[in-house]
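Structure assessment
So the chains spell out like this:
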Amino acid sequence: MGPHPAVAAIRLAVRRVLHDILTELKTTAGVPAATAADRVPDREAGLPASPLVLVACSGGADSMALASALAFEAPRLGIRAGGVTIDHGLQNGSDLRAEEVVLRLRELGLDPVEATAVTVGRGGGPEAAARDARYAALDAAAARHGAAAVLLGHTRDDQAETVLLGLARGSGIRSLSGMAAVSGAGGRYRRPFLQVDRQTARKACMVQSLPVWDDPHNADPAYTRSRLRHEGLPALEKALGKGVVEALARTAQLSRDDADALDTWARQAEAGVRDARGMLECAKLYALPPAVRRRILRRAAIEAGAPAGALFARHIEEIDRLITGWRGQGAINLPGKVVAQRQGGRLVIRQG
């Protein structure tokens, strides 16, 4: 008799990602493509013995399910499995909670395992600040241990919430593409559960008798994502039916495909709209589709020193008007003390 369907689902999701990681490692090592999916990653196959994959685990149901699946699948593929838990220091007893998670991960057989305390700043709001601190700590842990990848427990439900948050910001198709299955420097971060619903992960923990911790912040209405999870999505499901989460996750993938294609088009088109001195020519920019043109403008602003996180759609629209609605208007002030202005049929974007 096989494992419970929920356990089988999470293990399959992790197994696929681990196979992808091995394939990429072997390809990088110069192993012929025909052998890139072989199971045993030994030195003869062109790999260092037992590459390490870490799981980021908060102790919640999603990440505990992920940790259990990694602990089961990794040894079968010749991969070492480790874990990291981040103590954000935002709740009383968070250090003790982190120690408990470390013990649970070790009980699953993960090694190395560590807890890392971080200091959460205030930039961008509490959720964004905690996320920035968390990823900085995970980056450091991956570098310290030489990990090939870090697995994250974001589920299909998390993806649906991310799409709705992007829709609320109104910042374009890229914000609707949600979280990527592979992200970070060199593809460090992997999200195996983006096609797995939250209930499946919780069920997998229950049938395996894995203790889980429910973060009170996830139910705190002071946080936007919490309100969306407990009020917004249920209201949408009541009005539109139970397929809303799956449809939003599918929208994320379709939007990501479209956004990637447009980004590629913009990169290819950029050389053709610059003159011999590398200046952007307004007439040639005007001839491009708006979605492509605005991507070129955004890239130019960032290259000039505008912080990507502070550069919003309204900024790009104002620059775009220098091309499509030219009436002799003055320079546009952008974040990072960057200035955009039209001069002699050229668009100049530089530090002011």
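The structure displayed is predicted, hence computed values, not measured ones.

Details of the confidence of the model for the protein
For the protein, the mean per-residue pLDDT works out to 90, and 94% of the residues sit at or above 70. Note on residues 33-37: pLDDT under 50 across the span, and seven contacts to partners over four residues away in sequence or across chains. Of the regions scoring below 50 in pLDDT, residues 39-44 engages in 17 contacts with residues more than four places distant in sequence or in other chains.

Topic: the packing of aromatic side chains
Under the counting rule described, the total for this entry stands at one aromatic pair. Note on tyrosine 135 and tyrosine 189: the rings are 5.1 Å apart at their centroids and 90 degrees apart in plane angle, and the pair reads as edge-to-face. Taken together, the positions of tyrosine 135 in helix α4 (residues 126-145) and tyrosine 189 in strand β6 (residues 189-190) put the pair 54 residues apart, joining distant regions of the chain. For the pair tyrosine 135 and tyrosine 189, one class covers both residues: buried. Looking at arginine 11, its charged tip hangs above the ring of phenylalanine 72, at a distance of 3.5 Å from the centre. When the ring centre of phenylalanine 72 is taken as reference, the NZ or CZ atom of arginine 76 above it lies at 3.6 Å.

Focus: helix α11 (residues 290-303)
Taking 1.5 Å as the rise per residue, α11 with 14 residues should run 20 Å; its terminal C-alpha atoms sit 20 Å apart, in good agreement. Regarding α11, the residues found buried are Val292, Arg293, Arg295, Ile296, Leu297, Ala300 and Ala301. In the segment just after α11, glycine 305 is the residue with positive phi, at about 120 degrees.

Some thoughts on the state of the cysteines
Counted according to the given criterion, the structure contains zero disulfides. With no disulfide of its own, cysteine 205 lies 8.7 Å from the sulfur of cysteine 57, the closest cysteine sulfur. Cysteine 205 sits in the buried class, given a relative accessible area of 2%.

With respect to the pairing of strand β2 (residues 80-87)
The element β2 is largely enclosed, with a buried count of seven among its eight residues. Sheet topology note: the strand β1 (residues 52-56)/β2 ladder contains five bridges and is parallel. The residue bridging valine 55 from the neighbouring strand is glycine 83, located in β2. Following the backbone out of β1, through helix α2 (residues 61-73) and into the adjacent parallel β2, one traces a crossover that is right-handed.

Focus: the pattern of salt bridges
Tallied over the full model, the rule gives 24 salt bridges. In this structure, glutamate 281 engages lysine 284 in a salt bridge whose closest nitrogen and oxygen atoms are separated by 3.2 Å. By relative accessible area, which is 16% here, glutamate 281 ends up buried. The partner of arginine 294 in a salt bridge is aspartate 320, with the nearest N and O atoms 3.0 Å apart.

With respect to the sheet that holds strand β9 (residues 338-343)
Sheet architecture is open: four strands sit in the order β7-β10-β9-β8, paired in antiparallel fashion. In the strand order of this sheet, the two ends are held by β7 (280-281) and β8 (332-334), each with one partner. Of the pairings in the sheet, the one linking β8 to β9 comprises three bridges and is antiparallel in character. Opposite leucine 334, over in β9, you have valine 338 as the bridge partner. Lying on the sheet, α11 is in contact with β7, β8, β9 and β10 (346-351); it crosses β10 at an angle near 35 degrees. Along the sheet, helix α12 (residues 313-324) makes contact with β8, β9 and β10, crossing β9 at roughly 15 degrees.

Here we look at the environment of methionine 179
As for its position among the elements, methionine 179 is in the loop between α6 (173-176) and β5 (182-183). Methionine 179 gets classed as buried once you look at its relative accessible area, which sits at 14%. Note: C-alpha distance between methionine 179 and alanine 269 (90 residues apart in sequence) is 26 Å. When near neighbours in sequence (up to four residues on either side) are disregarded, methionine 179 contacts His154, Asp158, Gln159, Thr162, Arg191, Leu194 and Arg256.

Some points on the pairing of β10
Where β7 lies against β10, two bridges are found, and the strand directions are antiparallel. In the sheet register, glutamate 281 faces β10, and the bridge partner there is arginine 346. Relative to β10, β9 runs antiparallel, the two being bridged by six bridges. Within the sheet, the bridge partner assigned to glutamine 343 lies in β10 and is arginine 346. Hairpin connection from β9 to β10: two residues lie between these consecutive antiparallel strands, with glycine 344 at a positive phi of about 55 degrees.

Notes on the side chain of serine 63
Looking at where serine 63 falls in the secondary structure, it is placed in helix α2. Owing to a relative accessible area of 7%, serine 63 belongs among the buried residues under this scheme. There is a polar contact of 3.0 Å between the side chain of serine 63 and the backbone nitrogen of serine 58.

Procedures and definitions
Residues numbered from 1 in each chain as written. Predicted model: local features only at pLDDT ≥ 70, side-chain atom pairs only at ≥ 80, totals over all residues. Heavy atoms only, no water. pLDDT = per-residue confidence, 0-100. Contact = heavy atoms within 4.5 Å. Phe/Tyr/Trp six-rings, centres within 6.5 Å; stacked < 30°, edge-to-face > 60°. Helix = DSSP H or I, 4+ residues; strand = E, 2+ residues; numbered from the N terminus. Buried < 20%, exposed > 50% of the residue type's maximum accessible area, 1.4 Å probe, protein only. Lys NZ or Arg CZ within 6 Å of the ring centre and 35° of its normal. Expected span 1.5 Å × (residues − 1). Disulfide = S-S within 2.5 Å. Pairing = 2+ DSSP bridges. Right-handed = clockwise from strand over helix to strand, strands pointing away. Salt bridge = Lys/Arg side-chain N within 4 Å of Asp/Glu carboxyl O. Axes fitted to C-alpha atoms, helices over the stretch in contact; angles between N-to-C directions. Polar contact = N/O pair within 3.5 Å; in protein donor to acceptor, adjacent residues only side chain to side chain.

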